[in-house]
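# Working through the structure, step by step
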Amino acid sequence: MKVIPEQKEHVLLKDVQKGYGDRTVLNGLELSIHKGEFVAIVGKSGCGKSTLLRLIAGLERLNEGVIRINDKPLTQLNEHARIMFQDGRLLPWKRVIDNVCIGLAKDAKAKAKIALRQVGLEDRMKEYPAKLSGGQKQRVALARALVHDPSLLLLDEPLGALDALTRIEMQDLIASLWQKNKFTSILVTHDVEEAVAMADRVILIENGKVSLNQVINLPRPRQRTHPAFSMYLEEILGRIMDRQQKKNFVM
Amino acid sequence: MLVRPKGKEAAVKIIPWCIPLVLLSGWQLLSWAGALPERILPAPTKVFQAAIGLVSTGELFSHVSISLTRALAGFLIGGIIGFLFGLFNGVFRFADLVFDTSIQMLRNIPHLALIPLVILWFGIDETSKIFLVALGVLFPVYINTYHGIKSVDKSLIEMGRAYGLKGGALFFNVILPGAMSSILVGIRFSLGVMWLTLIVAETISAHSGIGYMAMNAREFMQMDVIVLSIVLYALFGKLSDVIARYLERRLLQWNM
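Residues numbered from 1 in each chain as written. Chains lettered and ligands numbered in written order. Predicted model: local features only at pLDDT ≥ 70, side-chain atom pairs only at ≥ 80, totals over all residues. Heavy atoms only, no water.

This next bit is on the sheet that holds strand β8 (residues 184-188) of chain A. Residues and elements named next belong to chain A. Taking strand neighbours across the sheet as the criterion, the 6 strands line up as β6-β7-β8-β3-β9-β10 in an open arrangement whose pairing is mixed. One side of each edge strand has no neighbouring strand; the edge strands of this open sheet are β6 (81-84) and β10 (209-215). Averaged over neighbouring strand pairs, the angle between their axes works out to 20 degrees when direction is ignored. Alignment of strand β7 (residues 152-156) against β8, held across 5 bridges, turns out to be parallel. Bridging across to β8, L152 finds its partner in T184. Against the sheet, helix α1 (residues 49-57) touches β3 (38-42), β6, β7, β8 and β9 (201-206), its axis set at about 150 degrees to β7. (Pairing = 2+ DSSP bridges. Helix = DSSP H or I, 4+ residues; strand = E, 2+ residues; numbered from the N terminus. Axes fitted to C-alpha atoms, helices over the stretch in contact; angles between N-to-C directions. Contact = heavy atoms within 4.5 Å.)

As structure tokens, this is what we get:
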């Protein structure tokens, strides 16, 4: 028998149902994520991937099923998790450093400075967010999330609005900080290439369920030119598009 | 560009005063030329002389200070009540349900229509004027505070919650600053209402204040004093606008 290294389960979703009114979004979804893993969730827009993330963050209640964090059922806001939103959501009336300090104790400036240094923005800490570029804003949002030392980092398409070059830069930054700080990370994205570039495992959500669970066996830091990289990419994309074609055909 | 960068700052300070200066000199010239009879409009110099005369007797100071006291007292009372109601109705759903409909009904009554009633209730002493100013100031502050709080970006509130803010911390870090620009619009608007109400109230029923000074002068046909009162109102109006702008610059720095 092969020895499987012991992996502690961090996030467990069982038979999760979630809908709004008549519309069912997640329907019997099962997922298990172990400590320190980087999981990417992909799927077409409206498939419920963001809803899933918001459920894990405790920002929304599920209709049925159970979510367990470190084997304890999640009933309210997930306090060990920090979420990074697509639109940054920095407070425009607070300077960069004070944005990073949100939710910290009063004497946390030093910690916030370290977090800003990690994302390379220590020299902009006195600015208001309006003065920053889109990529810089997301760096601040990343620092704001990391300063809490979360055991779980939730990324809700945080790079979706950035230009291609900034996006690759941010992907590398997040991946390197993840490797260094060893938190569990769940990334929701519509960009399959981003998923392959960052995650240990890519999960596809279709019809409210997990329809693909693809482990990405590539060395880190990930090389986008690696031959296996495009193989993974093609496979996952093929899976998404294939389904789409069949559907169109039936219609 | 018309203005060179070097002189730009000075120009920015001078240009807004050009029209008032031209009007003033035109007025003075027409008076000198005899085109403006003194019974219709006394010359600026006459008005200035009247001002000096009233300052030397101490009359002007006492009228101005009583008017300012009324304005400020009414503004503070009405402003604080309006702000608190706006705050509670904006933040708490239950307070909103209980109070908002009634406040919206009262808001649509022109508060100056209450003058006869207010005179019968409080007579013509201080209470009636402060009451009217407070009532006039209350609604614009209420509406804008309420609306400001209701329209704070929900996604920022959610972010605040997700990052561990709640109760007072959430209010002072996210909700209040988010509503601030709207609150300041309300304050600015209500400063205008404050002067308007006070002028009307003092003109109709008072035995002191700038409005009384004007009405009293009318009985003795002292045109210069009447014009002086109007100029005083204009100056105080400008002053409250300067204060409002200063508040905006201080509190909305991030938006500049």
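What follows is about the interface of chain A and chain B. Every contact between the two is made by 21 residues of chain A and, on the other side, 14 residues of chain B. Counting every contact that joins chain A to chain B gives 2 salt bridges. The partner of R54 of chain A in a salt bridge is E158 of chain B, and the shortest N-O contact between them spans 2.4 Å. The tally of links between chain A and chain B comes to 9 residue pairs in polar contact (both at pLDDT 80 or more). Elements with a contribution of two residues or more to the side of chain A that touches chain B: β6 and α4 (134-146) of chain A. At 3 residues, α4 of chain A tops the list of elements feeding residues into the side of chain A that touches chain B. Residue composition of the side of chain A that touches chain B, by class: 12 nonpolar, 2 polar and 7 charged. (Salt bridge = Lys/Arg side-chain N within 4 Å of Asp/Glu carboxyl O. Polar contact = N/O pair within 3.5 Å; in protein donor to acceptor, adjacent residues only side chain to side chain. Nonpolar A, V, L, I, M, F, W, Y, C, P; charged D, E, K, R; others polar.)

What follows is about the confidence of the model for chain B. For chain B, mean pLDDT is 91; residues scoring 70 or higher make up 97% of the total. What the predictor reports for the complex is a pTM of 0.82 with an ipTM of 0.86. (pLDDT = per-residue confidence, 0-100.)

Residues annotated in UniProt with the feature "domain: ABC transporter" (unreviewed entry) correspond here to residues 11-232 of chain A. End C-alpha atoms of residues 11-232 of chain A are separated by 25 Å, and the span's content is 31% helix alongside 28% strand. (UniProt positions renumbered as here; feature names shortened; annotations may be inferred.)

Most peptide bonds are trans, and most residues other than glycine sit at a negative phi. Residue and element names in this part refer to chain A. Backbone torsion omega between R220 and P221 reads -5 degrees, so that peptide bond is classified as cis. Here P221 shows up in the loop between β10 and α7 (227-250). Of note, the phi angle at D15 is positive, near 50 degrees, even though the residue is not glycine. Examined against the element boundaries, D15 turns out to sit in strand β1 (residues 9-20). The exposure class of D15 is partly exposed, given its relative accessible area of 37%. (Buried < 20%, exposed > 50% of the residue type's maximum accessible area, 1.4 Å probe, protein only.)

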